[in-house]
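Spelled out from the first residue to the last, the chains are:
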Amino acid sequence: RIAITNLPIFITQGGSYYLTKSFVQNFSNDAISIFTNDVTVDLCGFTIRQTGGSIAAGFRIENPGGNISLKNATVRNGSIAGFTNVFGIVLLGARNCVLEQLNVNECGGGISFQALGTAGAVGNIVRDCRMCDNAGGSGIVFLSGAANVGNVIEHCESLNNSTGFALAGTGNLIIGCRATGNGINY
């Protein structure tokens, strides 16, 4: 496993990564950018907190080459907070990615999945996550419609966001989740 001792970081090689501490700072770039397949990042219970007002995200997962899905990224076990001008976690064209045991709080939105050109968000799983107090956006949102299929949100909570869960396309599942206190709960 590869230790992450400083942020921001751009991950361009597959492998298993882990945080060694919490990071509370002003990020001018996304805190963690995953730009390759087959990556696991374990936050080890630590927090990544934005203290400034930039448009950086806590996590960005995408293939910078465009129109090709990034596959098999996993992010787990920690908190993303304070990214008030953007979603805490942004996935573009992600396929078969897993987000689990995450708290995303006080951001512009919790978790956003979008197509990247023709590469849709397909086969992703969001499990045991909690999104709250993301006043500017949804707890979890799948944007860009029909290309985003086969995704599952299970055992998650969306509390006090503008929207709880938003699925722009058909063929996705929400299982055993709770949405309350949001401007719109679905």
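The structure this text deals with has already been given above.
Quick summary incoming for the structure in this document. Model, not experiment: these values are computed from the prediction.

Considering the pairing of strand β7 (residues 47-50)
- By the alternation rule, side chains of β7 split into Ile48 and Gln50, which are all buried, and Thr47 and Arg49, of which none is buried.
- Relative to β7, strand β4 (residues 23-25) runs parallel, the two being bridged by 3 bridges. Along β7, the bridge assignment pairs Phe23 with Ile48.
- As paired elements, β7 and strand β10 (residues 73-81) share 3 bridges and run parallel to each other. Counted as the bridge partner of Thr47 is Ser79 from β10.

Here we look at the pairing of strand β8 (residues 59-62)
- Along β8, one buried face is formed by Phe59 and Ile61 and the opposite face, lined by Arg60 and Glu62, is buried too.
- Direction of pairing for strand β5 (residues 32-34) relative to β8: parallel, over a ladder of 3 bridges. Bridging from a neighbouring strand, Ser33 pairs with Arg60 of β8.

Quick look at the sheet that holds β8
- Taking strand neighbours across the sheet as the criterion, the 7 strands line up as β2-β5-β8-β11-β14-β17-β20 in an open arrangement whose pairing is parallel. This sheet does not close on itself; its edge strands, each paired only once, are β2 (9-11) and β20 (163-167). Sheet twist, expressed as the mean angle between neighbouring strand axes with direction ignored, is 5 degrees.
- Where strand β11 (residues 87-92) meets strand β14 (residues 109-114), 5 bridges bridge the pair, whose relative direction is parallel. Within β14, the position partnered with Val90 by the bridge is Ser112.

Remarks on the nonpolar core
- Counting residues in hydrophobic clusters, the biggest one holds 49 residues, and the most contacted among them are Ile32, Ile34, Val41, Ile48, Phe59 and Ile111.
- Residue contributions to this core peak at 5 residues, all from β11.

Some details on unusual backbone geometry
- Cis rather than trans, the peptide bond between Leu7 and Pro8 has omega equal to 5 degrees.
- Summarising the element assignment, Pro8 is placed in the loop between β1 (2-4) and β2.
- At Asn77, a position not held by glycine, the phi torsion is positive, near 65 degrees.
- Structurally, Asn77 can be placed in strand β10.
- A positive phi angle, near 60 degrees, is found at Asn160, a position not held by glycine.
- Mapping Asn160 onto the fold places it in the loop between β19 (157-159) and β20.

Calculation criteria
- Residues numbered from 1 in each chain as written.
- Predicted model: local features only at pLDDT ≥ 70, side-chain atom pairs only at ≥ 80, totals over all residues.
- Heavy atoms only, no water.
- Buried < 20%, exposed > 50% of the residue type's maximum accessible area, 1.4 Å probe, protein only.
- Helix = DSSP H or I, 4+ residues; strand = E, 2+ residues; numbered from the N terminus.
- Pairing = 2+ DSSP bridges.
- Axes fitted to C-alpha atoms, helices over the stretch in contact; angles between N-to-C directions.
- Core = buried A, V, L, I, M, F, W, Y, C linked by side-chain atoms within 4.5 Å.

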